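The primary structure of each chain is shown beneath.
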Amino acid sequence: MSAGKEARVYWGTDFKGNDIAVKIYLTSTVEFRKGLIKYLRGDPRFENKIPKSTRKLMSLWARKEFRNYVLMHQAGASVPEPITQFENILVMEFIGKRGEKAPLLKEVSLSIDEYYEIFKNLIEDVRKIYQVARLVHGDLSEYNVMIWKGRHYIIDVSQAVKVSHPNANEFLIRDLRNIRKFFTDVVGLEVPSLESLYNYVVGNANELEEI
Ligand SMILES: Nc1ncnc2c1ncn2[C@@H]1O[C@H](COP(=O)(O)OP(=O)(O)O)[C@@H](O)[C@H]1O
Ligand SMILES: [Mg+2]
């Protein structure tokens with residue numbers, strides 16, 4: 001379904017015939033490796049275990065994505081349900097039907113009201129991911145959100161870091177800025193300020209400023 005440089009995502013079925021998505025991490029370039037290490041350092045789950053071999057690094061990266069999905073799913077965020085992970089392979093719920101993957105937020109065309117619903121639900125999820133899963137996505141944008149049956153699914157969570165990561169705040173602000181930019185500049189919605197979104201997500205405010 002997708003052949004990125006570092007990972008490929010395939011459609012498959014389990015033994016009962018249910019759709020599954022299979023994400024396989026392939027070899028990494030030097031650039032990608034440098035990128036990964038930035039996200040692994042500062043994460044107490046992984047920082048003392050950064051392997052030298054590419055194969056082991058890709059397995060670690062798949063494990064990191066799997067664990068991030070589990071934490072986000074347990075926190076009640078809308079993500080594909082993680083199923084299992086083995087070495088460099090991650091298996092999860094398939095978003096779409098019979099091998100036809102759902103479109104990305106970037107690719108859909110919805111009514112203003114539908115976009116506003118998606119926006120609000122996305123912010124609620126970023127909040128749950130921060131406050132309950134204690135993670136920051138780190139690569140959130142209209143390219144990493146799928147839309148299926150009127151519902152959003154946050155995907156591509158390998159780079160998500162713990163809120164205690166030294167760059168977590170910077171990543172969170174970048175995520176919120178990306179999301180806000182898409183909904184204001186592309187969709188044309190009026191949405192709360194970046195500061196208001198940030199305060200709501202981290203819990204400095206209990207309500208989102210109404211627009
Ligand atoms: N659970 C899933 N169900 C269906 N399609 C998926 C799923 N996860 C990813 N995809 C598709 O594969 C693409 C690449 O997946 P992603 O996790 O974003 O990896 P990458 O790191 O290559 O961006 C996504 O843009 C989406 O179209
Ligand atoms: Mg992606």
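Residues numbered from 1 in each chain as written. Chains lettered and ligands numbered in written order. Predicted model: local features only at pLDDT ≥ 70, side-chain atom pairs only at ≥ 80, totals over all residues. Heavy atoms only, no water.

1. Looking at the side chain of Gln85
Here is step 1 of the chain: In this structure, Gln85 sits in strand β4 (residues 82-86).
Here is step 2 of the chain: For Gln85, a relative accessible area of 18% corresponds to the buried category.
Here is step 3 of the chain: Within the structure, Gln85 has its side chain in polar contact with the backbone oxygen of Glu87 (distance 2.9 Å).
Here is step 4 of the chain: In contact with Gln85, not counting residues within four places along its chain, are Ser59, Ala62, Arg63, Phe66 and Leu90. (Helix = DSSP H or I, 4+ residues; strand = E, 2+ residues; numbered from the N terminus. Buried < 20%, exposed > 50% of the residue type's maximum accessible area, 1.4 Å probe, protein only. Polar contact = N/O pair within 3.5 Å; in protein donor to acceptor, adjacent residues only side chain to side chain. Contact = heavy atoms within 4.5 Å.)

2. Notes on the environment of Arg98
Here is step 1 of the chain: For Arg98, the location among the structural elements is in the loop between β6 (96-97) and β7 (100-101).
Here is step 2 of the chain: The exposure class assigned to Arg98 is exposed, which follows from its relative accessible area of 53%.
Here is step 3 of the chain: Spatially, the C-alpha atoms of Arg98 and Ile24 are 19 Å apart, while their sequence positions differ by 74 residues.
Here is step 4 of the chain: In contact with Arg98, other than residues within four places in its own chain, are Trp11, Thr13, Gly17 and Asp19.

3. Concerning the site of ligand 1
Here is step 1 of the chain: Among the 16 residues in the neighbourhood of ligand 1, the closest are listed as Lys23, Glu93, Ile95, Asn144 and Asp156.
Here is step 2 of the chain: Within the side chain of Asn144, one N or O atom sits 3.2 Å away from an oxygen atom of ligand 1.
Here is step 3 of the chain: One of the side-chain N or O atoms of Asp156 is found 2.9 Å from an oxygen atom in ligand 1.
Here is step 4 of the chain: Look at ligand 1: alone it shows 540 Å² of surface, and the protein chains cover 86% of it.
Here is step 5 of the chain: Mapped by element, the contributors of at least two residues to the shell around ligand 1 are β3 (19-25) and β5 (89-93).
Here is step 6 of the chain: Split by residue class, the shell around ligand 1 holds 10 nonpolar, 2 polar and 4 charged.
Here is step 7 of the chain: Of the residues that make up the shell around ligand 1, three or more belong to each of domain 1 (2-94) and domain 2 (102-202). (Near = heavy atom within 4 Å. Areas by Shrake-Rupley, 256 points an atom, 1.4 Å probe, with all protein chains shown as cover. Nonpolar A, V, L, I, M, F, W, Y, C, P; charged D, E, K, R; others polar. Domains from an automatic or database assignment.)

4. Quick word on the pattern of salt bridges
Here is step 1 of the chain: Tallied over the entire structure, the rule returns 7 salt bridges.
Here is step 2 of the chain: The salt bridge involving Asp19 is made with Arg98; its shortest N-O contact spans 3.6 Å. Pair noted here: Asp19 is in strand β3 and Arg98 is in the loop between β6 and β7, with a separation of 79 residues, a long-range link.
Here is step 3 of the chain: Asp156 is the salt-bridge partner of Lys23, the closest N and O atoms lying 3.2 Å from each other. In this pair, Lys23 sits in strand β3 while Asp156 sits in the loop between β10 (151-154) and β11 (161-162), placing the two residues 133 residues apart along the sequence.
Here is step 4 of the chain: Salt bridges sharing partners connect three or more residues here, namely Lys23, Glu65 and Asp156. (Salt bridge = Lys/Arg side-chain N within 4 Å of Asp/Glu carboxyl O.)

5. Some points on the sheet that holds β4
Here is step 1 of the chain: Taken in spatial order, the 5 strands of this open sheet run β1-β2-β3-β5-β4, and their pairing is antiparallel. Strands with a single pairing partner mark the edges of an open sheet, and in this sheet they are β1 (2-3) and β4.
Here is step 2 of the chain: Pairing geometry for strand β2 (residues 7-13) and β3, over 7 bridges, is antiparallel. The partner of Gly12 across the bridge, within β3, is Ile20.
Here is step 3 of the chain: Lying on the sheet, helix α2 (residues 54-74) is in contact with β3, β4 and β5; it crosses β4 at an angle near 160 degrees. (Pairing = 2+ DSSP bridges. Axes fitted to C-alpha atoms, helices over the stretch in contact; angles between N-to-C directions.)

6. Details of unusual backbone geometry
Here is step 1 of the chain: The phi dihedral of Lys149 is positive, around 50 degrees, even though this residue is not glycine.
Here is step 2 of the chain: Classification of Lys149 by relative accessible area gives exposed; the value is 73%.
Here is step 3 of the chain: Non-glycine residue Asp156 carries a positive phi angle of around 60 degrees.

7. Examining the domain arrangement of the chain
Here is step 1 of the chain: On domain assignment, one finds that the chain holds domain 1 (2-94) and domain 2 (102-202).
Here is step 2 of the chain: Placing the centre of domain 1 and that of domain 2 at their C-alpha centroids yields a distance of 20 Å.
Here is step 3 of the chain: Between domain 1 and domain 2, the contact holds 22 residues from the first and 24 residues from the second.
Here is step 4 of the chain: Buried surface at the junction of domain 1 and domain 2, both sides included, amounts to about 2000 Å², of which 60% is carbon and sulfur.
Here is step 5 of the chain: Per-residue buried area on domain 1 facing domain 2 is highest for Tyr39, Met72 and Ser78; these three make up 32% of the total on that side. (Buried area = accessible area lost by both parts, 1.4 Å probe.)

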